Amino acid sequence: MKKLPLLLVCLTALLIMSCLPGCGERQVPQKFLATDISGMDLGGDFTLTDHNGKLRTLSEFKGKAVVLFFGYTHCPDVCPTTLSEMALALKQLGSDAQRVQVLFVTLDPERDTTTVLAQYVPSFNPTFLGLRGDTATTLDMTKRFKIFAQKHATGSGSGYTLDHSASSFIFDPTGKPRLLLSFGQGPQAVAHDLKLLLH
């Protein structure tokens, strides 16, 4: 009978140890930092021309996480900031960066030719792709992805600026829309969420 208390002490100790970090720890699932839009009926596949003149579809990037951002090369702040943050996020991902594709869709096909996109988009990261369609295709894209874009005349040499949505969409490797990334969340938040999607 004297062995019973000793046995209970040992079992209690084992139970406590299993609750401590390390051996036997049950990991708490991490949460996305961006807004989860899983299951949202959004956009669908598309065919646009990249900055190398090649036709591209969203579906061809299955197997990778895709970051989709709408903007224009004359943008003074939101677009360069977003692309810079994406480039920093990929650096933080290390080897996982090979499984991420960043797509920049221009809202200004009148000025953003393939040549202009080829000079602008890869300057942030050589793997980034600039995409464009004609005016009708661009308008269709804004409707399907619920993107706001409105011209404002400036009276300067550039002619106009564009007010536009500043969020980015992130698709998981199966091609499903999963996250809406707000402007300015920072490269660490982007890298955190991409890691969760990839693993």
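The present account deals with the structure reproduced in this document.

## Concerning the sheet that holds strand β6 (residues 129-132)
Across the sheet, 8 strands lie side by side as β1-β10-β9-β4-β5-β6-β2-β3; this open sheet has mixed pairing. Strands at the two margins of the open sheet, each flanked by one partner only, are β1 (35-36) and β3 (55-57). Pairing between β1 and strand β10 (residues 177-181): 2 bridges, direction antiparallel. Residue D36 lies in a different strand from β10, and its bridge partner there is L179.

## Focus: the environment of E60
Along the polypeptide, E60 turns up in the loop between β3 and β4 (65-71). Each C-alpha atom, one on E60 and one on G175, is 9.0 Å from the other, the two residues being 115 residues apart in sequence.

## Structural notes on the pattern of salt bridges
Tallied over the entire structure, the rule returns 7 salt bridges. E60 is the partner of R56 in a salt bridge, and the nearest nitrogen-oxygen pair spans 2.8 Å. Judged by its relative accessible area of 14%, R56 falls in the buried class. The residue K195 makes a salt bridge to D96 at a minimum N-O spacing of 3.8 Å. With K195 in helix α5 (residues 187-198) and D96 in the loop between α2 (78-93) and β5 (100-106), the pair connects residues that are 99 residues apart, well separated along the chain.

## Some remarks on the packing of aromatic side chains
Inspection of the entire model under this criterion finds 7 aromatic pairs. Ring centres 6.0 Å apart and planes at 40° place the aromatic pair F69 and F104 in the tilted group. You can see F69 sitting in strand β4 and its partner F104 sitting in strand β5, a full 35 residues away along the chain. Exposure class is identical for F69 and F104. Each is buried. An angle of 90° between the planes, with centres 6.5 Å apart, marks the rings of F70 and F169 as edge-to-face. Placement of F70 in strand β4 and of F169 in strand β9 (residues 168-171) is noted, with a sequence separation of 99 residues between them. What makes F70 buried here is its relative accessible area of 1%. The class for F169 is buried, based on a relative accessible area of 7%.

## Focus: the side chain of S168
Along the chain, S168 turns up in strand β9. Those residues in contact with S168, other than ones at most four positions away along the chain, are V67, L68, F69, T82, M86, L179, L180 and L181.

## What about the packing of α2 against α5?
The interhelical angle for the contact between α2 and α5, taken along N-to-C directions, is 50°, at an axis separation of 8 Å. The angle between α2 and α5 places the two elements in the oblique class. For α2 against α5, the interelement crossing comes out right-handed. In this structure, α2 contributes E85, M86, L88, A89, Q92 and L93 to the contact, and α5 contributes P187, Q188, V190, A191, L194 and K195. Grouping the constituent residues of the contact of α2 with α5 by class yields 8 nonpolar, 2 polar and 2 charged.

## As for the nonpolar core
The biggest cluster of nonpolar side chains holds 50 residues, and the ones touching the most others in it are F46, L68, F70, L103, F145 and F169. At the level of secondary structure, the elements contributing two or more residues to this core comprise β4, α2, β5, α3 (114-120), β6, β9, β10 and α5. Sort the elements by how many residues they give to this core and α2 lands first, with 8 residues. Setting aside residues no more than four positions away along its own chain, L103 makes contact with F46, L58, F61, V66, V67, L68, F69, L129 and L131.

## Points about empty space enclosed by the protein
Counted according to the given criterion, the structure contains 2 cavities of 30 Å³ or more. There is about 60 Å³ of room inside the largest cavity. If you go around the largest cavity, the residues you meet are T82, E85, M86, A166, S168, L181, S182, F183, G184, Q185 and V190. Top contributing element to the lining of the largest cavity by residue count: α2, with 3 residues. Per-class residue counts for the lining of the largest cavity are 5 nonpolar, 5 polar and 1 charged. The volume enclosed by the second largest cavity comes to roughly 30 Å³.

Conventions we followed
- For every chain, the first residue of the written sequence is number 1, and numbering continues from 1 along that sequence.
- Whole-chain, interface and lining totals are the exception, using all residues; otherwise, since this is a predicted model, local features are given only for residues with pLDDT of at least 70 and side-chain atom pairs are given and counted only at 80 or more.
- Only hydrogens and water are set aside; all other atoms, that is, all heavy atoms of the structure, feed into the side-chain values.
- Strands qualify as paired when DSSP identifies two bridges or more between them.
- Segments assigned H or I by DSSP are reported as helices when at least four residues long, segments assigned E as strands when at least two residues long, and all are numbered from the N terminus.
- Salt bridges are counted wherever a side-chain nitrogen of Lys or Arg sits within 4 Å of a carboxyl oxygen of Asp or Glu.
- Categorising residues by exposure relies on relative accessible area from a 1.4 Å probe, with only protein chains included: less than 20% of the type maximum marks a residue as buried, more than 50% marks it as exposed, and the intermediate range marks it as partly exposed.
- To pair, rings of Phe, Tyr and Trp, with the six-membered ring standing in for Trp, must have centres within 6.5 Å; the planes then decide the type, stacked if under 30 degrees apart, edge-to-face if over 60, and tilted in the middle.
- Throughout, a contact is declared for two residues whenever any of their heavy atoms are within 4.5 Å.
- Note on definitions: angles span 0 to 180 degrees between N-to-C directions of axes, and those axes are lines fitted to C-alpha atoms, for helices only across the stretch in contact.
- Small angles under 35 degrees read as roughly parallel and large ones over 145 as roughly antiparallel, with 65 to 115 read as roughly perpendicular and the rest as oblique.
- Helix crossings fall into two classes, left-handed where the near helix is turned counterclockwise from the far one by less than a right angle and right-handed where it is turned clockwise.
- The residue classification treats Ala, Val, Leu, Ile, Met, Phe, Trp, Tyr, Cys and Pro as nonpolar and Asp, Glu, Lys and Arg as charged. All others, Gly included, are polar.
- Throughout this description, the term nonpolar core refers to a set of buried Ala, Val, Leu, Ile, Met, Phe, Trp, Tyr and Cys residues connected via side-chain atoms within 4.5 Å.
- Cavities and pockets were defined on a 1 Å grid built over protein atoms only: a cavity is a set of grid points that admits a 1.4 Å probe from which the probe cannot escape, a pocket is an open set flanked by protein on both sides within 12 Å along at least five of seven lines, and lining residues are those with an atom within 4 Å of any such point.
- Grid points are joined across faces, edges and corners, and a volume is the space filled by probe spheres set on the points.

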